[in-house]
Amino acid sequence: MKNRDSYSHLRGESLYIDDLNTQQGTLYGLVCDAQIAHAKILDLDIVKAEALAGVVKIFTHSDVPGKNQIGGIIPDEPLLAETDIHFWGQPIAFIVAKSEAIAKKARALINIKTEALPVITTAIEAFEKGEFVCAPRTFKLGDTSKAFKNCDYIIKGNTFSNGQEHLYLETQGAYAEYHENGKIKVTSSTQGPTQVQKAVAKVLGVGMHQVEVDVIRLGGGFGGKEDQATAWAVMAALAAKTLHKPVKYVLNRHDDLRMTGKRHPYDSSFKIGLNKDLKIQAFEATFLQNSGAAADLSPAIAERTLFHATNAYNIKNVNTTVHSCKTNLPPNTAFRGFGGPQGMFVIESAIAKVAEKLNIPAFKIQEANLLQDNDVFSYGQIAMQVEAKNTWQSAINSFNFESNFKAVKKFNSKNNGVKKGISIMPICFGISFTNTPMNHARALVHIYQDGSVGFSTGAVEMGQGVNTKLQQIVMYTFGLAKEKIHIESTNTTRVANTSPSAASATADLNGKALLKACKALKERLFNVASKNLNIPDSELSFKDGKVCQNSKPTHLSWEVLIETAFLERVSLSEKAHHTTPKIYFDKSKEKGHPFAYHVYGTAISTVAVDCIRGTYEIESVKIVHDFGKSMNLNIDMGQVEGALAQGIGWMTMEEIAYDKNGRLLSNALSTYKIPDIYAMPKIIEVKVLESDGHKMALLKSKAVGEPPLMYGIGTYFAIQNAIKAFNNNYELKFDAPLTPEKVLKSLYSNAFKL
Ligand code: MTE
Ligand code: HPA
Ligand code: MOS
């Protein structure tokens, strides 16, 4: 089945916040944000701005009726700044005017007097000064100090991976309406409608029942709207509630880039120990996460870094610690992989560095340490149904790795101007919110009297295709064509208390709830059919709009059955609740079984570096991916390709830059380069791993949203290998993104002989 949105997307008919028909009298919001990264506010003068014709009101923290607080995990983030400024771009006032243009003029009239304070922009500096957003976390397995004593090789090193801008096509935004009796309805471009509802209620000082949040779809979220869609929705709601008018606020790209947080930059150090047989005996790492000025989701992201610090390898002695360092940058936030990619980059760097020292290819070390069934992760979960070796071997065989490896060597021995590099990147990614209580979802299904079906879940469609998968569930269970099924918007009034659409788990969680609701309705309808046809339930099924006996159609159509059930006063509505079984995590011991299952895969990347210019081409990325039993391979392949592009962008070209005063320099698409069609691998091949799937996945179709991003890490190491082939005095560097500028410098670093 095609993505159900493809028709309206192609025709430009799909609705986003900025497409909503605004009501008469709609007002427009605009944030006035800090133009300094760390300061005391001495004076905030809005008099001139508020006097401008067309300005309705300018809100500051003192206009908040409830709590001026939107921190999700830790209450450390004011909606509007009070006495201090903590990052460049921090919202200080919310201007509401009759047009966007007037609001913009008013913004220039606001006068803010500040007293500058020292600015911290790097995690290392924050760490040295003892500035943190929360306590550090440590995962330990075995005894690394003891293990290091018996290692044949011990290698230490440092790594840096930079942040990444989400660059969702649809910028952040919301539309808030004032309804009767003080009720507020907010249409928001958020991955977390319940988070928005909760924050609006808290800031307005009302109950959650007075706030309805509706989400049609997102023009991309990528984690950037898990937490950070909230502020704008709350501001619009605050204005709507106060002014009794509809208020719209859609950020322009500049404001969005400046005010929102990004993927966390990490400064990390590692120590790895191996024996002569190349088995990794011990691994230690310290991760300094650049959390930004408030906690946001940083504690949960830090945790996932530790969960994925050993990637797809079995290491018996592990000691990893993460520090969430408080800096004067916009609070960094969720981004596809949620800290996992940052962890995996470090272990892959450690392995690459050992390989360099031993003068052997890294894949020999990777291969010698791949995870197997019954191995224990550092967090205590026992690995089961492991596909690490399967995907690895399948990739090696299917893509003729050995002959390609030799071909690259041969090419390099004959060419000086261009050098090639090849690398292998295995991945292992845990599926479930690492915070166990979040792993639940609900669905609501109505069969209407005419046999058509409408349903709702807590899932948010953001391009990943979850709505198509959910529609498939209803089609399969009732044997109905897709035209008979309508999926409602995601709405807190229909489905309440939802977890955000995140952690790649949206289809699993909401789909399982939906399946449960549909199955309950099916059983109920089988009862009606059984009585009417005089056939036992066990012989019944639904197919192509008919009730079937032993898979053969009877005379009873779906429509007649529904009409009959309705006349017999049988309920045609059902809701269901799903929770992931078996998972738990004990934070006091840092041990448990947090993941329903893991997703595996292996990517082989080949690159060609132009050794005169420092530019490179990714010749191919060939992947064997563990989809389980994919329920929609079109969509899942799209997820692999999109995630790979995003991973390559993070690792090779997307360079976020702040100056030392904390001002974003890469504040437009002229200074922030994301991959385009030319940056993509010339060849992308994705092979489906033959497997039985996993029963904890929806119809055994494994979660696919985030894991393939980490295939992009492979291109970093392929380029490193090409540089090394040109300049054998070069010492591997682990400083992502590996931009052409850095490649050029590396090609000519240290003395070397041509
Ligand atoms: N794909 C598209 N097209 N747009 C997105 O915003 N978000 C990614 C991934 N794939 C995203 C996407 C992220 S960060 C996650 S967690 C998952 O989709 C969320 O959806 P899922 O749980 O249905 O996989
Ligand atoms: N993944 C993504 N988002 C989250 C998680 C997680 O594990 N926990 C809380 N939000
Ligand atoms: Mo995805 S980073 O879990 O929204």
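It should be emphasised that the depicted structure is a prediction, and the values quoted were computed from it without experimental measurement.

Asks: So what's going on with the sheet that holds strand β8 (residues 153-161)? Which residues, and what values?
Replies: Strand pairing in a sheet is mediated by backbone hydrogen bonds. Such pairs are either parallel or antiparallel. Taken in spatial order, the six strands line up as β7-β15-β14-β13-β8-β30 in an open sheet, and their pairing is mixed. Every interior strand has two partners, whereas the edge strands, β7 (137-141) and β30 (735-736), have only one. Relative to strand β14 (residues 280-292), strand β13 (residues 266-274) runs antiparallel, the two sharing nine bridges. Note that in β14 the partner of K271 across the bridge is E284.

Asks: If you had to explain the site of ligand 2 to someone new, which residues and values would you point to?
Replies: Taken together, the residues surrounding ligand 2 are E226, R304, F338, F433, T434, M438, A502 and A503. Within the side chain of E226, an N or O atom sits 2.6 Å from a nitrogen atom of ligand 2. Contact distances for ligand 2 include 3.2 Å between an oxygen atom and a backbone N or O atom of T434. A per-class count over the shell around ligand 2 returns five nonpolar, one polar and two charged.

Asks: Break down helix α13 (residues 401-414) for me, with residues and values.
Replies: For α13, which comprises 14 residues, the first-to-last C-alpha distance of 20 Å matches the rise-based estimate of 20 Å (1.5 Å per residue) to within 8%. Every buried residue of α13 is accounted for by F401, F405, V408 and N412. Projected onto a plane normal to the axis of α13, the buried residues spread over an arc of 60° and lie on a single side. Of the residues in α13, the exposed ones pointing more than 90 degrees away from the buried face are E402, K406, K410, S413 and K414.

Asks: I'd like to hear about the pattern of salt bridges, residue by residue, with values.
Replies: Taken as a whole, this structure holds 31 salt bridges when the rule is applied. Here E619 makes a salt bridge to K420, at a shortest N to O gap of 3.2 Å. Here K420 lies in strand β16 (residues 418-431) and E619 lies in strand β28 (residues 616-625), a separation of 199 residues in the sequence. Here K420 falls in the buried class, since its relative accessible area comes to 18%.

Asks: Lay out the packing of helix α14 (residues 466-478) against helix α15 (residues 506-533) with the relevant residues and their values.
Replies: Taken N-terminus to C-terminus, the directions of α14 and α15 make an angle of 20°; their axes are 10 Å apart at the nearest point. The angle between α14 and α15 falls in the class roughly parallel. As α14 runs across α15, the sense of the crossing is right-handed. Touching V466, K469, L470, I473, V474, T477 and F478 of α14 are T506, A507, N510, G511, L514, L515, C518, K519, L521 and K522, all from α15.

Asks: Give a detailed account of the nonpolar core, specifying residues and quantitative values.
Replies: Membership of the largest hydrophobic core comes to 57 residues, with the highest contact counts inside it found for I272, F283, F287, I365, L371 and F401. With six residues, the single largest contributor to this core is helix α10 (residues 340-358). Here this core spans two domains, and each of domain 2 (120-163 + 262-369) and domain 3 (380-434 + 595-754) adds at least three residues to it. I618, Y716, Y730 and L732 belong to the second largest nonpolar core, which has 49 residues in total.

Asks: Describe the sheet that holds β28, with residues and values.
Replies: As summarised here, the arrangement of the four strands in space is β16-β27-β28-β29, forming an open sheet in which the pairing is mixed. The open sheet terminates on both sides in strands that have one partner only, identified here as β16 and β29 (683-688). Direction aside, the axes of adjacent strands within the sheet are offset by 15° on average. Two elements, β16 and strand β27 (residues 597-610), share 14 bridges in a ladder whose sense is antiparallel. Counterpart to I424 in the pairing with β27 is I604. Here helix α18 (residues 713-726) sits on the sheet in contact with β16, β27 and β28, set at roughly 155° to β16.

Asks: Hey, could you go over the site of ligand 1 for me, with residue numbers and the actual values?
Replies: Close contacts around ligand 1 come from 16 residues, with G221, F222, M462, T506 and Q639 the closest. Contact distances for ligand 1 include 3.1 Å between an oxygen atom and a side-chain N or O atom of Q464. Here a nitrogen atom of ligand 1 sits 2.7 Å away from a polar atom, N or O, in the side chain of Q639. Burial of ligand 1 by the surrounding chains reaches 92%, relative to a free accessible area of 520 Å². Looking at the shell around ligand 1, its residues break down into five nonpolar, nine polar and two charged.

Asks: How would you summarise the domain arrangement of the protein chain if you had to cite specific residues and measurements?
Replies: The domains assigned to the protein chain are domain 1 (6-118 + 166-259), domain 2 (120-163 + 262-369), domain 3 (380-434 + 595-754) and domain 4 (440-579). A C-alpha centroid distance of 18 Å is found between domain 2 and domain 3. Listed by partner, the interface residues are 37 residues for domain 2 and 44 residues for domain 3. Summed over both sides, the interface of domain 2 with domain 3 buries roughly 3,400 Å², with 64% coming from carbon and sulfur. Connecting domain 2 to domain 3 are one salt bridge. Ionic pairing is found between K724 and E356, a salt bridge with its closest N-O pair at 2.5 Å. The interface formed by domain 2 and domain 3 includes 18 residue pairs in polar contact (both at pLDDT 80 or more). For the side of domain 2 that touches domain 3, the elements supplying multiple residues, two or more each, are β8, α9 (298-307), α10 and α11 (362-368). No other element matches the 10 residues that α10 contributes to the side of domain 2 that touches domain 3. For the side of domain 2 that touches domain 3, the per-class residue count stands at 15 nonpolar, 13 polar and nine charged.

Asks: How would you summarise unusual backbone geometry if you had to cite specific residues and measurements?
Replies: In this model, A736 is joined to P737 through a cis peptide bond whose omega is 5°. One can find P737 in the loop between β30 and α19 (740-747). In this structure, N181 is a non-glycine residue whose phi angle is positive, near 55°. Judged by its relative accessible area of 69%, N181 is exposed. A positive phi angle, close to 55°, is found at E590, a residue other than glycine.

Asks: I'd like a description of the side chain of T144, backed by residues and values.
Replies: Structurally, T144 is set in helix α5 (residues 144-149). Excluding residues that lie within four positions of it along the chain, T144 makes contacts with A282, F283, E284, N317, V318 and N319.

Asks: I'd like a description of a positive patch on the surface, backed by residues and values.
Replies: Together, K582, K629, K695 and K700 make up a region of like positive charge exposed at the surface. Mapped onto the secondary structure, K695 falls in the loop between β29 and α18.

Asks: Lay out the packing of aromatic side chains with the relevant residues and their values.
Replies: Two aromatic rings, taken as a pair, are described by how far apart their centres are and by the angle between their planes. Within this structure, the stated rule accounts for 23 aromatic pairs. Where F307 meets Y379, the ring centres are 4.7 Å apart and the plane angle is 80°; that geometry is what we call edge-to-face. Of this pair, F307 sits in helix α9 while Y379 sits in the loop between α11 and α12 (388-398); the two residues are 72 residues apart in sequence, bridging distant segments of the chain. Look at F307 and you get buried, because its relative accessible area is 2%. Clustering of aromatic rings is evident, with ring pairs tying together F139, F307, F377, Y379, F585 and F595. Above the face of the F59 ring, K57 is positioned so that its terminal group lies 5.3 Å from the ring centre. The ring of F148 carries the charged tip of K271 above its face, separated from the ring centre by 4.2 Å.

Asks: Could you give an account of the environment of S324, naming the residues involved and the relevant values?
Replies: Within the secondary structure, S324 sits in strand β15 (residues 317-326). Residue S324 is classed as buried on the basis of its relative accessible area, which comes to 1%. Considered as a pair, S324 and R569 are 245 residues apart in the sequence and their alpha carbons are 58 Å apart. Polar side-chain contacts of S324 include one of 2.7 Å to the side chain of Q289.

Rules and cut-offs
- Residues numbered from 1 in each chain as written.
- Chains lettered and ligands numbered in written order.
- Predicted model: local features only at pLDDT ≥ 70, side-chain atom pairs only at ≥ 80, totals over all residues.
- Heavy atoms only, no water.
- Pairing = 2+ DSSP bridges.
- Helix = DSSP H or I, 4+ residues; strand = E, 2+ residues; numbered from the N terminus.
- Near = heavy atom within 4 Å.
- Polar contact = N/O pair within 3.5 Å; in protein donor to acceptor, adjacent residues only side chain to side chain.
- Nonpolar A, V, L, I, M, F, W, Y, C, P; charged D, E, K, R; others polar.
- Expected span 1.5 Å × (residues − 1).
- Buried < 20%, exposed > 50% of the residue type's maximum accessible area, 1.4 Å probe, protein only.
- Arc of directions from axis to C-beta.
- Salt bridge = Lys/Arg side-chain N within 4 Å of Asp/Glu carboxyl O.
- Axes fitted to C-alpha atoms, helices over the stretch in contact; angles between N-to-C directions.
- Parallel < 35°, antiparallel > 145°, perpendicular 65-115°, else oblique.
- Left-handed = near helix turned anticlockwise from the far one by under 90°.
- Contact = heavy atoms within 4.5 Å.
- Core = buried A, V, L, I, M, F, W, Y, C linked by side-chain atoms within 4.5 Å.
- Domains from an automatic or database assignment.
- Areas by Shrake-Rupley, 256 points an atom, 1.4 Å probe, with all protein chains shown as cover.
- Buried area = accessible area lost by both parts, 1.4 Å probe.
- Patch = residues over 30% accessible without salt bridge, like charges linked within 9 Å, V, L, I, M, F, W, Y side chains within 5 Å.
- Lys, Arg positive; Asp, Glu negative; His and termini not counted.
- Charge placed at Lys NZ, Arg CZ, Asp CG, Glu CD.
- Phe/Tyr/Trp six-rings, centres within 6.5 Å; stacked < 30°, edge-to-face > 60°.
- Lys NZ or Arg CZ within 6 Å of the ring centre and 35° of its normal.

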